[in-house]
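A look at the structure
The chain contents come next:
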Amino acid sequence: MNKEISKLVLPNKKINYFTVSILILGFLCGCIFLILLSNDDKTSTINQVTNYFNEIKDGSFNSGLAFKNNLIINYLYIISIWVLGLSLIGLLFNIFIIYIKGFVVGFTISGMMISFKIKGILSATLYLLFGQIFNILIILLVGIYSFSFSIQLIKTLSSKKKAKNTGVVRKYLIILISAIIFTLIATLLETFVLPNIIKIIIKLFVK
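Since we're looking at a predicted model, the values are computed, not measured. The residue numbers shown here count from 1 along each chain, following its written sequence. Under the rules for a predicted model, residues below a pLDDT of 70 receive no local features and side-chain atom pairs below 80 are neither given nor counted, while totals for whole chains, interfaces and linings still include all residues. As a convention, hydrogens and water are excluded, and side-chain values are obtained from all of the structure's heavy atoms.

Points about the overall build of the protein chain
Here a helix means four or more residues in a row that DSSP labels H or I, a strand means two or more in a row labelled E, and each is numbered from the N terminus. Each helix and strand in the protein chain was counted, giving 6 helices and 0 strands. Along the protein chain, helices (α) and strands (β) appear in the sequence α-α-α-α-α-α when read from the amino end. Burial classes: relative accessible area under 20% of the type maximum marks a residue as buried, over 50% as exposed, and values in between as partly exposed (1.4 Å probe, protein chains only). Split into buried and exposed, the 207 residues of the protein chain put 37% on the buried side. Should any heavy atoms of two residues lie within 4.5 Å, those residues are considered in contact. Of the contacts made within the protein chain by residues no fewer than 6 positions apart, 82% connect residues no fewer than 24 positions apart.

Below, the structure written as structure tokens:
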């Protein structure tokens, strides 16, 4: 039963591994990139991270505005990947988008660790658990299906026989709708739950 569910959610192992590999590569490059920055750029990044934590600490963090901005960014990721999956050229663009998502997460986590040292590890863990893990999983799922759809499209166009793709299109549409709903939930966690947890951590561990 578990294998059947796995095949339903993640239909192709090669595509699954390929998509995850792109994200991990972006993540690692994001971590390394911050280390290679000049001192001025590194200081600027550290200041941005510090300002974020200071806003949470003193209660000036604007949750409403953050929710709006994060939701727009998260929706741009999944909708762009989904739409680009409808075309052959979109396959290449989606590789880049998924790589960028990993890069941004890796860059942000590196910034937290460099800014707060040991405490940054805790902050980065919280950021992943409540801020990004769900968004990452959603993007991976949409990415996997976008690659699958593009490959199916290539096979259909190169085949002399006309294939009925009604079921494939329906499943692809369901993936988009599901991603939109879960992205909303993930963004709520990222914007309203994560800052409150960080605020508690700051009171307990940061003097």
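Read on, since the account is not over.
Regarding the side chain of Q132
Mapped onto the fold, Q132 is located in helix α5 (residues 90-158). A residue is classified by how much of its surface remains accessible, and Q132, at 4% relative accessible area, is buried. One polar contact links Q132 to K101, side chain to side chain, over a distance of 2.8 Å. In contact with Q132, not counting residues within four places along its chain, are K101, V105, Y127 and E190. Throughout this description, a polar contact denotes any pair of N or O atoms lying within 3.5 Å of each other; where both atoms belong to protein, one of them has to be capable of donating a hydrogen while the other can accept it, and for residues adjacent in sequence the pair is counted only when both atoms sit in side chains.

Concerning the packing of aromatic side chains
Note on aromatic pairs: the rings of Phe, Tyr and Trp (six-membered ring only in Trp) are paired at centre separations within 6.5 Å, and the planes decide the class, stacked below 30 degrees, edge-to-face beyond 60, tilted for the rest. Considering all chains together, one arrives at 9 aromatic pairs under this definition. Centroid distance Y99 to F103: 6.3 Å. Interplanar angle 35°. Geometry classified as tilted. Here F103 and Y99 lie together in helix α5, a separation of 4 residues that amounts to about one turn. The exposure class assigned to Y99 is partly exposed, which follows from its relative accessible area of 24%. Classification of F103 as buried rests on a relative accessible area of 19%. Ring plane angle 15° and centroid distance 4.5 Å describe the contact between F149 and Y172, whose orientation is recorded as stacked. Of this pair, F149 sits in helix α5 while Y172 sits in helix α6 (residues 166-205); the two residues are 23 residues apart in sequence, bridging distant segments of the chain. With respect to class, F149 is no different from Y172; both count as buried. Any Lys NZ or Arg CZ that is within 6 Å of a ring centre and within 35 degrees of that ring's normal is treated as a charge sitting over the ring. The residue whose ring lies beneath K101 is Y77, and the NZ or CZ to ring-centre distance is 5.1 Å.

Side note on the nonpolar core
Put simply, a nonpolar core is a bunch of buried Ala, Val, Leu, Ile, Met, Phe, Trp, Tyr and Cys residues held in one set by side-chain atoms that sit within 4.5 Å of each other. If you look at the biggest cluster of nonpolar residues, it comprises 36 residues, and the most contacted ones within it are I98 and V142. At the level of elements, α2 (13-36), α3 (39-58), α4 (63-84), α5 and α6 are the ones that each hand at least two residues to this core. Not counting the four nearest positions on each side in its chain, I98 is found in contact with T19, I22, L23, I81, I139, G143 and F147.

Focus: a nonpolar patch on the surface
Residues forming no salt bridge and having over 30% relative accessible area are the ones grouped into patches, like charges within 9 Å of each other and nonpolar side chains (Val, Leu, Ile, Met, Phe, Trp, Tyr) within 5 Å. The method behind every accessible area is Shrake-Rupley, applied with a 1.4 Å probe, and residues are considered shielded solely by the protein chains displayed. Just to be clear on terms, a salt bridge is a Lys or Arg side-chain nitrogen sitting within 4 Å of an Asp or Glu carboxyl oxygen. The grouping of V20, I24, L28, I32, I35 and L36 at the surface amounts to a nonpolar patch, some 570 Å² of accessible area in total. Within the element layout of this structure, I35 appears in helix α2.

Points about the environment of P195
Among the structural elements, P195 can be located in helix α6. A relative accessible area of 5% places P195 in the buried class. Sequence separation of P195 and Y127 is 68 residues, and the distance between their C-alpha atoms is 9.3 Å. When residues no more than four places from it in sequence are discounted, the contact partners of P195 are Y52, I56, F61 and E190.

Brief notes about the confidence of the model for the protein chain
Averaged over the protein chain, the pLDDT score is 82; the fraction of residues at 70 or greater is 86%. Residue-level confidence of the predictor is summarised by pLDDT, bounded by 0 at the bottom and 100 at the top. Per-element mean pLDDT across the protein chain ranges from 44 in helix α1 (residues 2-9) up to 93 in α4.

Regarding α4
Taking 1.5 Å of rise per residue, the 22 residues of α4 would be expected to cover 32 Å, and the 31 Å separating its terminal C-alpha atoms lies within 8% of that figure. Regarding α4, the residues found buried are A66, F67, N70, L71, N74, Y77, I78, I81 and W82. When α4 is viewed along its axis, its buried side chains cluster within an angular range of 130° and face the same direction. The exposed set on the far side of α4, more than 90 degrees from its buried face, consists of K68 and L76. For α4, the N-terminal capping position is held by N62, with its side-chain oxygen 3.3 Å away from the main-chain nitrogen of G64. For a helix, the expected span equals 1.5 Å multiplied by the residue count minus one. Throughout, the arc means the angular range of directions from the helix axis out to the C-beta atoms.

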